[in-house]
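Structural features, examined
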Amino acid sequence: MVALILPWLTVSAVQAGDWDFELGAEYRYLPQNPPYGVGDDAASVSVRGEYVHDWNDGADLFQFEAFYRWSEADDERTHGDIQDLAWIHVADDWELRSGVRTVFWGVTEFQHLVDIVNQSDLVERTDGEAKLGQPMINLSLVSDWGIVDLFALVGFRERTFPGEDGWPRGPLVISSDDADYESGAEDKRVDIAARWSTSIEAWELALSYFGGTSRDPEFRRINAQGEPVPFYPVIDQFGLELQYNYDAWLLKMEALNRSGTESGRYFATVFGFEYTLEGLFDGVSDLGIVSEYNYDERGKESPSSYYLENDIALGLRWALNDEASTEMLGGIIYDHKTNERVFSLEASRRLGDVWMVSLDALFFHSKTPPSQDDLANGSFDPLYKLAQSSRNDLLQLELIRYF
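Fair warning: this is a prediction, and the values are worked out from it, not measured in the lab. (Residues numbered from 1 in each chain as written. Predicted model: local features only at pLDDT ≥ 70, side-chain atom pairs only at ≥ 80, totals over all residues. Heavy atoms only, no water.)

Summing up its helical and strand segments, the protein has 3 helices and 21 strands in all. For the protein, whose C-alpha radius of gyration is 22 Å, the value lies close to the compact-globule estimate of 22 Å for 403 residues. Viewed in the frame of its principal axes, the protein has a C-alpha envelope of about 65 × 60 × 45 Å. Taking all contacts inside the protein whose residues are at least 6 apart in sequence as the whole, residues at least 24 apart take part in 56%. Surface accessibility of the protein: about 19800 Å² in total, with carbon and sulfur atoms responsible for 55%. Measuring between centres, the 31 positive side-chain charges of the protein sit 5 Å from its 71 negative side-chain charges. (Helix = DSSP H or I, 4+ residues; strand = E, 2+ residues; numbered from the N terminus. Rg over C-alpha atoms; globule rule 2.2 N^0.38 Å. Contact = heavy atoms within 4.5 Å. Areas by Shrake-Rupley, 256 points an atom, 1.4 Å probe, with all protein chains shown as cover. Lys, Arg positive; Asp, Glu negative; His and termini not counted. Charge placed at Lys NZ, Arg CZ, Asp CG, Glu CD.)

This brings us to the packing of aromatic side chains. Within this structure, the stated rule accounts for 15 aromatic pairs. Relative to Y181, the ring of F156 lies with its centre 5.7 Å away and its plane at 90°, an arrangement referred to as edge-to-face. With F156 in the loop between β7 (146-154) and β8 (180-181) and Y181 in strand β8, this residue pair connects regions lying 25 residues apart in the sequence. Y181 matches F156 in its accessibility class, with the two residues each being buried. (Phe/Tyr/Trp six-rings, centres within 6.5 Å; stacked < 30°, edge-to-face > 60°. Buried < 20%, exposed > 50% of the residue type's maximum accessible area, 1.4 Å probe, protein only.)

Examined against the element boundaries, E22 turns out to sit in strand β1 (residues 18-29). Placed 25 residues apart in sequence, E22 and V47 show a C-alpha to C-alpha distance of 5.8 Å. Ignoring any residue separated from it by four or fewer positions in sequence, one finds E22 in contact with S46, V47, R48, I400, R401, Y402 and F403.

Turning our eyes to something else, we now look at the sheet that holds strand β11 (residues 218-222). Spatial strand order, β8-β12-β11: 3 strands in an open sheet with mixed pairing. Edge strands, defined here as strands with exactly one partner in the open sheet, are β8 and β11. (Pairing = 2+ DSSP bridges.)

Across the protein, the average pLDDT comes to 91, with 93% of residues at 70 or higher. Below a pLDDT of 50 lies the segment residues 1-14, which in the model reaches 25 contacts outside its immediate sequence neighbourhood of four places, other chains included. (pLDDT = per-residue confidence, 0-100.)

In this fold, E218 is placed in strand β11. A polar atom in the side chain of E218 sits 2.8 Å from the backbone nitrogen of E262. Aside from chain neighbours lying at most four places away, what touches E218 is V229, P230, F231, P233, T261 and E262. (Polar contact = N/O pair within 3.5 Å; in protein donor to acceptor, adjacent residues only side chain to side chain.)

This next bit is on a nonpolar patch on the surface. A cluster of nonpolar side chains, contributed by W19, F21, L23, V45, V47, Y68, W70 and F403, occupies part of the molecular surface with about 780 Å² of accessible area. Element by element, the count of residues in the nonpolar patch is highest for β1, at 3 residues. The residue Y68 is located in strand β3 (residues 60-71) in this model. (Patch = residues over 30% accessible without salt bridge, like charges linked within 9 Å, V, L, I, M, F, W, Y side chains within 5 Å. Salt bridge = Lys/Arg side-chain N within 4 Å of Asp/Glu carboxyl O.)

Both strand β16 (residues 286-296) and strand β17 (residues 310-319) contribute to a ladder of 10 bridges, which runs antiparallel. Note that in β17 the partner of N294 across the bridge is D311. Pairing of β17 with strand β18 (residues 327-335) involves 9 bridges; the strand directions are antiparallel. Across the sheet, D311 pairs through a bridge with D335, a residue of β18.

What follows is about a negative patch on the surface. On the surface, D75, E76, E164, D165 and D177 cluster together into a patch of negative charge. For E164, a relative accessible area of 55% translates into the label exposed.

Right, let's talk about the pairing of strand β12 (residues 228-232) for a bit. Counting buried residues in β12 gives 5 out of 5 residues, a clear majority hidden from the surface. Burial along β12 is two-sided: the face carrying P228, P230 and Y232 and the face carrying V229 and F231 are both buried. The sheet contact formed by β11 and β12 spans 4 bridges and is antiparallel. Paired with I222 across the two strands is P228, which belongs to β12. Connecting β11 to the next strand, β12, in antiparallel fashion are 5 residues, including G226 with a positive phi near 80°.

All told, the structure shown has 28 salt bridges when counted by the stated rule. In this structure, E65 engages R48 in a salt bridge whose closest nitrogen and oxygen atoms are separated by 2.8 Å. A residue pair is termed long-range when its members are at least 10 positions apart, and E65 in strand β3 and R48 in strand β2 (residues 41-55) qualify at 17 residues. Assigned by exposure class, E65 and R48 land together as buried. D115 is paired through a salt bridge with K131; the nearest N and O atoms lie 3.4 Å apart. Of the two residues, D115 sits in the loop between β5 (94-101) and β6 (134-143) while K131 sits in the loop between β5 and β6, which places them 16 residues apart along the sequence. Residue D115 shares its accessibility class with K131, and that shared class is buried.

Now the structure itself:
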């Protein structure tokens with residue numbers, strides 16, 4: 001894939017482009033004496049670089065973005081990734097994008113249900129918002145009736161998992177060295193995807209298809225080291241995204257129908273609304289009220305790493321609209337059957353022109369964390385999907401310097 005890009009990149013092009021860098025220092029604190037031998041705190045540092053250059057009167061564009069993180073506690077979190085390394089050519093009614101890219105599908109807040117092109121990087125974030133770069137060729141066709149994106153996804157990226165000293169983890173450390181595939185091509189398979197999107201007055205609609213190796217692993221065996229081994233089945237997925245904007249209301253919905261899993265073909269959806277109160281208290285700040293319902297017909301048969309099979313999510317988004325771009329998003333996900341709850345907080349604020357500080361927090365409420373013996377003898381009820389996260393509460397502070 002890189003060979004498709006390098007002929008377009010000359011030394012003079014690199015010198016003429018724009019570079020941006022950021023350095024980050026992160027501190028994690030786990031206040032509840034976490035189970036399974038995980039430490040109470042950990043520090044890490046990261047660096048991210050971005051480069052953009054266009055030529056041919058803007059018809060051609062080269063993009064590059066990469067990052068690297070070093071963690072003092074978790075060897076699996078010490079890693080780097082190229083998230084963009086692509087040449088983009090723009091014509092009147094089509095675009096061709098070749099290389100490593102990051103593509104996002106979806107409209108909802110708490111769960112990105114239909115998002116499937118890129119693999120999740122779970123050692124960076126547990127909410128699925130951090131992604132690994134995916135090699136691809138993407139042809140985008142633009143017409144009056146919408147935009148059609150066609151994808152050839154070249155090769156497969158395995159999901160990252162925390163190591164023995166990483167956060168969060170359960171009683172068993174997931175293998176990072178072994179992986180099983182349904183496809184005989186394993187991680188060399190070429191997957192396909194397509195998405196049609198359009199806007200009709202206040203409505204935004206998208207229909208999508210994916211056929212290939214699932215980004216969500218199942219766990220069907222334990223290796224000789226006692227570690228669960230990820231298994232990646234071949235699936236097909238049909239997705240729907242729907243959004244309606246009416247005054248201060250924003251109605252959202254995602255739905256999918258997927259085959260190829262151990263549970264067979266299934267249906268899942270997430271839908272809800274966001275209502276924005278503008279000029280709160282006669283000031284300039286805005287307050288958004290977010291509510292979503294998550295449903296997965298597999299119920300407790302859905303993978304144990306998922307807890308959004310029949311749950312309600314509520315959140316508040318506060319944007320101060322000040323010079324420091326201060327923002328906060330707090331939320332709760334509640335399972336009415338088990339009374340399990342997840343509380344989350346994301347907040348960020350600029351400090352001057354080149355600094356940014358962010359605070360993230362997660363608090364889990366469920367049953368006592370299961371031991372290896374509980375899992376081995378079957379005494380652990382899989383209905384309680386958050387039990388393995390109990391006492392894994394997190395406070396995370398990060399300071400970023402932009403260059």
